[in-house]
Every structure is written in C-alpha cells, then in structure tokens.
Amino acid sequence: MNRSALYWSFVVVLLVSFKVVAQLPSNRVKPATMYYAGDTVKSPRLGLRAQIPAGWEGVLPRDTEVFLLMSVDNSISEIYVVVNENVDLAGQQKRWEAGLNLSDALKLELSGTITLRGTNVICAEGRLGGAKANNQEKIYVEAKCSPAGFCVSYLLTADPSAFENAKRGLQAFVDNTIFEEPSTESPYANFNWNNFLSGKVLLMIGYEKRSKREDNVSLCSDGSFRSRITRTGIFKDQGKGYQGTKRGRWSVQGNGEKAILTLAFDKNPAFDVEMEIKDEEIYIRGSRYFVGESEECK
C-alpha cells in the first residue's frame, strides 16, 4: 500500500486558489498553511501547543483533522498527529490494544508491548494487517494525554533505513507538546473585518445548465467597490436589479464571526450583505465565497 493510500485511510479514523487563511488570527493552527522547524502550532480551544522539530515541516490539510509532519531530508518518513477527545491514557492504551481499523482491508496492530516513556507518554511499535497491508515500512506510535480529558496520538511510518532518526523526530515533537488551560474565547472575537476585506475580491463561481455563473465583488481600500454579477447569488431575490457591472462605496460593521457589508451603489439602492466566518471559510447567506487579492483594486 502506498503512502498516499495510508494517509487517506488514516484520515477515515481519526487549496483553493483564494484563501482567507493568511488574514486570520495567528493564535491557532490554520488549515493548508505550512509550518517549518521551530514554528509553534496551537489550539487554544484544547489548550495545546507544540513546536515543529528540526528537520521536519508540518501542515493541517484542509477538511481533515490529521496534522501531518514530513521529513525534509529526502527520507521516506511521515508523522500523523490526531487528537482523541474524551479519553485518558488508560483508554488510549485500550484503543491501541484493540487495533485501529484504517479501512475495510487495513488495520493498524501493535507488534510489541506498550511501554511508558518518561512519566506520561505511552509508546509501541506497530504493523499493518489486512488484505491491503504492505509491511515494507516500519511503524511507531506514541500518545500523550492532557488533564483536560483528551489524548494526542502520533503515528510514524518510515523506511527501515530512516526509522531511528525519524523516531527521534517524533519524540522531539511529543516532548515539545505542552498542555495549557483551554480557552473558550472565539478566535474571531476581535476580528477586524474592515482590514480583512480591504483590497479583496469576494468570488463565487457556479455552473447552471452548462453556463458559468459568477459573483465577483472587489472591495478596494479607498472605500470604493466594483461588482460583476451574472446571477442572483449575493443579492438573492433582489438580484435582477444588481446584475451586470456596478460601482459604489462599501463599508462593513463586524461583531466577531458575523458582519454586515453595506454596498452603497451609485445608481441602485444600498444593499446590506450578511457575512459569517466559520473554520477559516467565508459564508454569505449560507453560501461559501472565496476571498483573494483584488486585481481591479491595484
């Protein structure tokens, strides 16, 4: 079984061109953002932070909950990190002993006994079982648990020649994982909608009866905007009067995750647009919009 297949099987258990990621609060790990050796990744909600070890880089692929660490020394070795909530160290050990079903034909099993490393980390070597198993790579797992009631599991797959060095990298990442008091504050509590939208384009593209439909609204930093609408989209039932290319002035009033974008048209009545940000994605009236730098504002 190739590495890509193992990754997607592991996701079972456990970019778009226009992104909002770079503009979002920097106090937590962001999907589709690369983290390099020495960088710190955080989850304030869980009270968890860790530092990327030397020789590794990491990413949280979009739409998954598995953080991936990749070796930068050209060796074939990767570390998958997943949070298991509502479990303690004893419960985590039982999960390992029962084996992890990665897919219908692939199961992660222990190949030795579970031991304690230090005072609060359990570890073991593993193997893949099942019809699609390929045991050319070595597997090693560790887990570390928070007093808040969750455990973090770390799974290493590596070629035998790179295994010991990769294992040291995993252990460095585990040792650099620190548990803190969880935070209940929204990461967008002080989100600056005006700064975020200035110089950006809001874009939604769809296809209806084989024809392209597009909403495109450029919000320039001088307060002007230009919209190009080919379907009702952003304006819903009032869309017909706003289709085509329009101009005007824009302003926004935000309160945490939600905001009201006001578009004051030169030749049409002003229109209020309800916006919301959820999990690094922008939604307007329930539909997802992409955000990027506007070429028209330059």
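Residues numbered from 1 in each chain as written. Predicted model: local features only at pLDDT ≥ 70, side-chain atom pairs only at ≥ 80, totals over all residues. Heavy atoms only, no water.

### What about the overall build of the chain?
For the chain, the helix and strand inventory stands at 4 helices and 21 strands. Entry remark: accessible area of the chain is about 15,400 Å², with carbon and sulfur atoms responsible for 45%. (Helix = DSSP H or I, 4+ residues; strand = E, 2+ residues; numbered from the N terminus. Areas by Shrake-Rupley, 256 points an atom, 1.4 Å probe, with all protein chains shown as cover.)

### Looking at helix 3 (residues 163-175)
Between its first and last C-alpha, helix 3 extends 18 Å over 13 residues, near the 18 Å set by a 1.5 Å rise per residue. If you check which residues of helix 3 are buried, you get Phe163, Ala166, Lys167, Gly169, Leu170, Gln171, Phe173 and Val174. (Expected span 1.5 Å × (residues − 1). Buried < 20%, exposed > 50% of the residue type's maximum accessible area, 1.4 Å probe, protein only.)

### Examining the environment of glycine 292
Relative to the elements of secondary structure, glycine 292 occurs in strand 21 (residues 287-293). By relative accessible area, which is 10% here, glycine 292 ends up buried. Separated by 93 residues in the primary sequence, glycine 292 and glycine 199 place their C-alpha atoms 8.6 Å from one another.

### Here we look at the pattern of salt bridges
A side chain with one charge may pair with a side chain of the opposite charge, provided their charged atoms come close. Under the definition given, this model contains 8 salt bridges. Two residues, glutamate 293 and lysine 200, come together in a salt bridge whose shortest N-O distance is 3.8 Å. In this pair, glutamate 293 is assigned in strand 21 and lysine 200 in strand 14 (residues 200-208), connecting sequence segments 93 residues apart. For glutamate 293, a relative accessible area of 47% puts it in the partly exposed group. For glutamate 296, the salt bridge goes to arginine 226, with nearest N and O atoms at 3.6 Å. (Salt bridge = Lys/Arg side-chain N within 4 Å of Asp/Glu carboxyl O.)

### Examining the state of the cysteines
Going through the model one piece at a time under the given rule, you end up with 2 disulfides. Note on cysteine connectivity: cysteine 220 is disulfide-linked to cysteine 297, with sulfurs 2.1 Å apart. The S-S bond linking cysteine 220 to cysteine 297 shows a torsion near -85 degrees; that makes this disulfide left-handed. Taken together, the residues span a long stretch of sequence, with cysteine 220 in the loop between strand 15 (211-219) and strand 16 (224-229) and cysteine 297 in the segment after strand 21 at a distance of 77 residues. Assessed through its relative accessible area of 25%, cysteine 297 is described here as partly exposed. With cysteine numbering restricted to those in disulfides and following the sequence, the chain has the pairing 1-2, 3-4. (Disulfide = S-S within 2.5 Å.)

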